[in-house]
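# Examination of the molecular architecture
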Amino acid sequence: MSARRLIVNADDFGRSHSINEAVVRAHREGILTTASLMVNEPGFDEAVAQAREHPQLGVGLHLTLVCGHSTLPAGKIPGLVNARGEFSNHPVSVGMKYYFGRAVRGQLRAEIHAQFAKFRATGLPLDHVNGHLHLHLHPASFRILMDDAQQLGIRHLRLTRDGFWMNARLARGRWFYRISHAVMLGWLSRRAGRPLTERGIRHTQRVFGLLQDSHVNERFILNLLPQLPAGDSELYSHPSLDNFKHEFDALISSRVGDLVKQLGIRLVRYQDL
């Protein structure tokens, strides 16, 4: 495992035209290897069409249980969404509801299965699974994913653990956010590791991007690449042509591309693990 392999992923594929265009261009012109698809957002159909035109782009499911729209109609999951089929935009309250609200667990399972079914209907191979705001690691949703892993076809999943001390060497500022998220996702990833191993579900040893929170710019990636550990890692970002254009620019940067080649880092997809 002395070789270094890196998955470069874009979250929120399918959320908007701007994001879709950034994903496809970053794949064609830069280092992007995979994208995580939101199946209920306005750019879904366009994203699927673009993915079919770029079969080397690994596309996974970006399971959405907060800050987005449901697959099932509101009447079938009233404990999860409002009358317009929208999940809450408040992650903390959503997390508490899913953890303590046993009455909504059946609705949660039904919606998770519906999102997998909608992805499956596209005909795209399922490269990986992760969650919007990492709710795939929430104890309630993660239990469902593990219980039903074989039925859902889960073979690769993001184990979101971004080491704080390494990140502290790479970037500065926003310490409260970075420390709190390192602690929270570190705990969730530790409890998730054994169930993934027991089921033979593959994941990378490290995931970079969590503690940057939409600050995955060229400088950060140039600092990261020389310190990338041996084995398999993932770097995820949120490229778009408007709100997060700096992340798109970083993925197509010639300096970044040249450094990847110079360091002999192999760019891969989850399905290549």
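Throughout, a residue's number is its position along its own chain's written sequence, starting from 1. Residues qualify for local features only when their pLDDT is at least 70, as the model is predicted, and side-chain atom pairs are given and counted only at 80 or more; totals for whole chains, interfaces and linings, by contrast, use all residues. Side-chain metrics rest on all non-hydrogen atoms present in the structure, leaving aside hydrogens and water.

## Thoughts on a nonpolar patch on the surface
Side chains of Val92, Met96, Tyr99 and Phe100 sit close together on the surface and give an oily, nonpolar patch of about 460 Å² of accessible area. Secondary structure elements are defined from DSSP: runs of H or I of at least 4 residues count as helices, runs of E of at least 2 residues count as strands, and each element is numbered from the N terminus. As for its position among the elements, Tyr99 is in helix α3 (residues 91-100). Patch membership requires more than 30% relative accessible area and the absence of a salt bridge. Residues of like charge join within 9 Å; the nonpolar side chains Val, Leu, Ile, Met, Phe, Trp and Tyr join within 5 Å. Each accessible area value is a Shrake-Rupley result obtained with a 1.4 Å probe; residue values ignore everything except the protein chains displayed when judging cover. What makes a salt bridge here is a side-chain nitrogen of Lys or Arg within 4 Å of a carboxyl oxygen of Asp or Glu, nothing more.

## Examining empty space enclosed by the protein
Here a cavity denotes grid points, spaced 1 Å and computed from the protein atoms alone, that fit a 1.4 Å probe unable to get out, and a pocket denotes an open set having protein on both sides within 12 Å along at least 5 of 7 lines; residues with an atom within 4 Å of a point are the lining. Grid points are joined across faces, edges and corners, and a volume is the space filled by probe spheres set on the points. Enumeration according to the criterion identifies one cavity of 30 Å³ or more in this entry. Taken as a whole, the largest cavity encloses approximately 30 Å³ of empty space. Lining the largest cavity, in full, are Leu80, Ser88, Val94, Lys97 and Tyr98. Each residue receives one of three labels: charged for Asp, Glu, Lys and Arg, nonpolar for Ala, Val, Leu, Ile, Met, Phe, Trp, Tyr, Cys and Pro, and polar for the others, Gly being one of them. Split into classes, the residues belonging to the lining of the largest cavity amount to three nonpolar, one polar and one charged.

## Here we look at the pattern of salt bridges
Per the stated rule, a full pass over the model turns up 14 salt bridges. For Asp249, the salt bridge identified is with Lys245, shortest N-O distance 2.9 Å. You can see Asp249 and its partner Lys245 sitting in helix α10 (residues 245-251), four residues apart, about one turn around the helix. When accessible area is computed with a 1.4 Å probe and restricted to protein chains, residues below 20% of their type maximum are described as buried, those above 50% as exposed, and intermediate ones as partly exposed. Here Asp249 falls in the partly exposed class, since its relative accessible area comes to 33%. Connected through shared salt-bridge partners, Arg109, Arg143, Asp147 and Asp148 make up one network.

## Examining helix α11 (residues 254-263)
Structural remark: α-helix, 3.6 residues per turn; residues separated by three or four positions point the same way. Inspection of α11 places Val256, Gly257, Leu259 and Val260 among the buried residues, and these make up the whole buried set. Projected down its long axis, α11 shows its buried positions confined to an angular sector of 165°, all on one face. Exposed side chains of α11 directed beyond 90 degrees from the buried face belong to Ser254, Arg255, Lys261 and Gln262. Contacts made by the buried residues of α11 are with α9 (218-224), α10 and β7 (266-268). Any pair of N or O atoms that falls within 3.5 Å is considered a polar contact. Within protein, one atom must be able to donate a hydrogen and the other to accept it, and sequence-neighbouring residues count only if both atoms are side-chain atoms. The backbone nitrogen of Arg255 has a side-chain oxygen 3.2 Å away, supplied by the residue at the start of α11, namely Ser253. Directly beyond the C-terminal end of α11, a positive phi value near 70° is found at Gly264. When we speak of the arc, we mean the arc of directions from the helix axis to the C-beta atoms. The contact criterion used is simple: two residues touch if any of their non-hydrogen atoms lie within 4.5 Å.

## Describing the packing of aromatic side chains
Pairing of aromatic rings covers Phe, Tyr and the six-membered ring of Trp, with a centre-to-centre limit of 6.5 Å; geometry is then stacked below 30 degrees between planes, edge-to-face above 60, and tilted otherwise. Enumeration according to the criterion identifies two aromatic pairs in this entry. Ring geometry for Tyr99 versus Phe100: centroids 4.9 Å apart, planes at 80°, classification edge-to-face. For Phe100, a relative accessible area of 54% corresponds to the exposed category. Aromatic side chains Phe164 and Trp175 sit 6.1 Å apart centroid to centroid with 70° between the ring planes, which places their arrangement in the edge-to-face category. Within this pair, whereas Phe164 is found in helix α7 (residues 164-170), its partner Trp175 is found in helix α8 (residues 175-199), the two being separated by eleven residues in sequence. Only when the NZ atom of a Lys or the CZ atom of an Arg is both within 6 Å of the ring centre and within 35 degrees of the ring normal do we say a charge sits over the ring. Against the face of Phe44 rests Lys118, its NZ or CZ located 4.9 Å from the ring centre. Sitting over the ring of Trp175, Arg178 keeps its end group 4.3 Å from the ring centre.

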